[in-house]
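# A look at the structure
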Amino acid sequence: MACICLFRLFLLLVLAALYQGKHLNPTSHLRYSRFLDPSNTVFLRWDFDYAAEIITFEIQIRTTGWVGLGITDRYTFVGSDLVVGGVLPSGNVYFSDQHLVDEDTLEEDGSQDAELLGLTEDAVYTTMRFSRPFRSCDPHDLDISSDTMRVLAAYGLDDTPKLSRERTFVKSIFLLQIVQHDDLDVPKDTIIYDLEISNFLIPEDDTTYACIFLPLPIVSQKHHIYKYEPLLVEHNETMVHHILMYACGNASVLPTGINECYGSDPAFSLCSHVIAGWAVGGLSYQFPDEAGISIGTPLDPQWVRLEVHYSNFHNLPGIYDTSGMRLFYTKHLRKYDMGVLELGISVFPIHFIPPGAESFMSYGLCKTEKFEEMNGAPIADIYVSGYLIHTHLAGRSLQAVQYRNGTQLQTICKDFSYDFNLQETRDLPHLVEIKPGDELLIECNYQTLDREFMTFGGPSTTNEMCLVFFFYYPRINISSCLGYPDIIYVTNELGEEASENPMENLMILNNVEWTPENIKKAEKACRESQQTVMVKTIDEQEENTTGWIPDIIPTPRGPCLESSGGKVEPQDKTPAGFRAIPMTLSGPILLP
C-alpha cells in the first residue's frame, strides 16, 4: 500500500510539472500555433503558465499596418477585447489594450492589462508578442478559461486602427491545451494501421451514419494503441461530422459491407463501446505515456465498428469519400490499459428540447454503484485523463460534475462556450479519481430560438445529443452509463394527461404551446423527475437503476490579477488612442 501511495504521489508531481505550464519570457518558444484565416495570412502562436495564470500570444500578419488580437463573444463583436499595436514610420511602436464599443469602434481600456513583449515590422510582416492574465480585474477584458475561446484577429494596411470585415477573423480555439503531443514519447517501433470506409458514395441526404465492421491489427502478443488521428479526404472535410470506433465483443456475429448504422438492418448498430473518437474541428490525439488501448490479448477486441457521420446539408450528388481512423501502436507496453466511458443522456426521443428556448437545461445521471457487480470483479479507483464532449447544433454548453456520498466534489470538465464546429479530445489539467459509488452528472444547455418544432434526441444532426466521453485508466468492463427523465411525470407536470406509453407522451408534448413559462416548467420537471440510469458493459450486458438529479454548486471564479500596465494618460495617446513607446525591439520573427 505504501508503494502504491508513493507511486501515485510521484505520478501527480510529474503530471503537475508537465501540465501546469512553464515560466515564459519574451523569447520563449511558444508551443501552440494556428492560422486564423482561410488564406493563411494571420498566424497565431501561444503558450501559457497554468500556475501563474498568464498566457502569452504572438500574432504575425502579412501587413505593414496595425495588428490586433483578442477574445470575442459568440453572438456579437460588441464588448470584445482587442490588443492593438504596430510600428510607426519612425520606428517607434504603439501598443494598447482596447475593446469594441460597437461593431467597428475601438476604445482604449482604462486599465492596461496586456504587457508588450515584442513588436516588429519588416517589408512583409508585422509581429506582436504580448502576455495577459487569464482573468484581469478590467471588466472590458474577457476571461481566458478552459472553455472554447473565440479568438478575434484584425489588421489594417496603415497605422490607423479601424475594423473592416474583410480583414477581421474569428476562430474557435481551445487555448488551454494541457499536453503538446510533441512533448510525449514516440516509440521507435511504432506501427501504423488504417481503418477506412473506402470509396463510399455519400447520399444526397442531410444526415447519414455509414458503418462498416473492420478487423483490428492481428498481433501475436499484447500491443498498445497510443495515438489516433482522422483520415479525411481533401475537400470532403466539411461533410464529415464525426468518426467513432466501437469495440466489438469477440462472440459477435458481424455483417459485411457498408450500410446505414441505425437503419433497417439492426446488425449494423451492434457494438456500442467507444474506444476512439474524432469530431469536426478536432486533431489527432495521443494518450498519456502511462496508458494505451490494449490489443492482442483474449480479452481485447478483434473487430471494430467504424462509424462515419456525414452531414450533406446542400444535398450534393456524386461525392465519394474514403474517411476513417489511423492508429499508431507499439509492442512497448504502457503501465495501464486505457478505457472510454460514455456518459450523458440516452440517445433516444425521451430526451426532448422545446422550440423557441433561449436556454433549456437537460441532465443525464450516472450512478457507479452497479459497476463492480456488472464488471464481474472488484473495481479499483479509475483515473480520468481526458474527455470529449458532444452535442449537435442546438448545444451551447456542457459540464460534468462529480459527487461522493451526496456531496459535490468538483466539476471535472466543462465548456460554457461550446462550438459544434470544434469538437476535440481534451486533456484534463490533472488526473481525476473516480471511486466506486460516485455519481456523475452531465448537464447540457440548448438554445432553440430558431426552431418552430420540438427537437428530440437522436442520431441526426438536427436531432440532439448530450454526451461526454471520459478517457480513463485502468480499463474496466463498463462501456456506458446514461440517464433519462421520467416522461410520464414531465407530461403530468405540464398539465397534460399522460399515457402509460412513453412515445405517446412525446406526441402529447409535441402539441404543447411552448410559451416561455411552459419551457421553464418543462425544464424544472425534467430536473425534478426520477432518472432511469442505464449501465452497459463492453460485452453488451445492460442493467438499470434509478436516481435523482443533485444540485450543482457553481464553481466560483478565481481572483483577478491587477494590471501591471497602469492607467492610460491622455498625453500618451499617439497615434490617437494609443501609447507610443520610443523603442525598436528585436528583429522580425518569420513564419516557419
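The structure we're discussing is the one just above.
Residues numbered from 1 in each chain as written. Predicted model: local features only at pLDDT ≥ 70, side-chain atom pairs only at ≥ 80, totals over all residues. Heavy atoms only, no water.

## Looking at the pairing of strand β35 (residues 542-547)
- When strand β34 (residues 531-537) meets β35, the two strands line up antiparallel, connected through six bridges. Residue pairing for β35: T532 is matched across the bridge by T546.
- Hairpin connection between β34 and β35: a loop of four residues separates the two successive antiparallel strands, and E540 in this loop has a positive phi of roughly 75°. (Pairing = 2+ DSSP bridges. Helix = DSSP H or I, 4+ residues; strand = E, 2+ residues; numbered from the N terminus.)

## So, the sheet that holds β34
- Spatial ordering of the open sheet is given by β29-β26-β32-β23-β33-β34-β35, a layout of seven strands whose pairing is mixed. Both outer strands of the open sheet, β29 (426-434) and β35, are each paired with one neighbouring strand and no more. For this sheet, the mean inter-axis angle between neighbouring strands, taken without regard to orientation, is 25°. (Axes fitted to C-alpha atoms, helices over the stretch in contact; angles between N-to-C directions.)

## Focus: the state of the cysteines
- This structure, assessed with the given rule, holds five disulfides.
- What pairs with C366 in a disulfide is C481, and their sulfur atoms sit 2.2 Å apart. Linking C366 and C481, the disulfide has an S-S dihedral of approximately 105° and is accordingly described as right-handed. Of the two residues, C366 sits in strand β25 (residues 360-367) while C481 sits in strand β33 (residues 478-485), which places them 115 residues apart along the sequence. Both residues of the pair, C366 and C481, count as buried. (Disulfide = S-S within 2.5 Å. Buried < 20%, exposed > 50% of the residue type's maximum accessible area, 1.4 Å probe, protein only.)

## Considerations on the packing of aromatic side chains
- Applying the stated criterion to the full structure yields 21 aromatic pairs.
- Ring geometry for Y209 against Y262: centres 5.5 Å apart, planes inclined by 70°, an arrangement best described as edge-to-face. Highlighted residues: Y209 in strand β13 (residues 207-215) and Y262 in the loop between β16 (259-260) and β17 (273-279), separated in sequence by 53 residues.
- The class for Y209 is buried, based on a relative accessible area of 2%.
- Arranged with centres 6.1 Å apart and planes meeting at 55°, the rings of Y228 and Y285 form a pair that is tilted. Taken together, the residues span a long stretch of sequence, with Y228 in strand β14 (residues 223-231) and Y285 in strand β18 (residues 285-286) at a distance of 57 residues.
- Accessibility expressed as a relative area gives 2% for Y285, which makes it buried.
- These aromatic residues form a ring-pair network of at least three members: Y32, W46, F48, Y50 and F134.
- Directly above the ring of F48 sits R31, whose terminal nitrogen or CZ lies 5.8 Å from the centroid. (Phe/Tyr/Trp six-rings, centres within 6.5 Å; stacked < 30°, edge-to-face > 60°. Lys NZ or Arg CZ within 6 Å of the ring centre and 35° of its normal.)

## Some points on the sheet that holds β13
- Pairing within the open sheet is antiparallel, and its five strands lie in the order β16-β13-β20-β15-β17. On the outer flanks of this sheet lie β16 and β17, each paired with one strand and no other.
- Sheet analysis places β13 next to β16, joined by two bridges and oriented antiparallel. Looking across to β16, one finds that C211 is bridged to N259.

## A short note on the side chain of H392
- For H392, the location among the structural elements is in the loop between β26 (382-390) and β27 (395-404).
- For H392, the side chain forms a polar contact with the main-chain oxygen of N463, separated by 3.2 Å.
- Apart from the residues within four sequence positions on either side, H392 is in contact with Y209, H241, H309, Y418, F420, G458, P459, S460, T461, N463, E464 and M465. (Polar contact = N/O pair within 3.5 Å; in protein donor to acceptor, adjacent residues only side chain to side chain. Contact = heavy atoms within 4.5 Å.)

## A few points about the pattern of salt bridges
- In the structure shown here, the tally under the stated rule is 26 salt bridges.
- Residue E166 pairs with R167 through a salt bridge whose shortest N-O separation is 4.0 Å.
- Given the relative accessible area of 21%, R167 is considered partly exposed.
- The closest approach of N and O atoms between R326 and D194, which form a salt bridge, is 2.7 Å. Of this pair, R326 sits in strand β21 (residues 320-330) while D194 sits in strand β12 (residues 191-201), and the two are 132 residues apart along the sequence.
- The partly exposed category is assigned to R326, whose relative accessible area is 25%.
- Each of R45, E58 and R129 takes part in a single network of salt bridges with overlapping partners. (Salt bridge = Lys/Arg side-chain N within 4 Å of Asp/Glu carboxyl O.)

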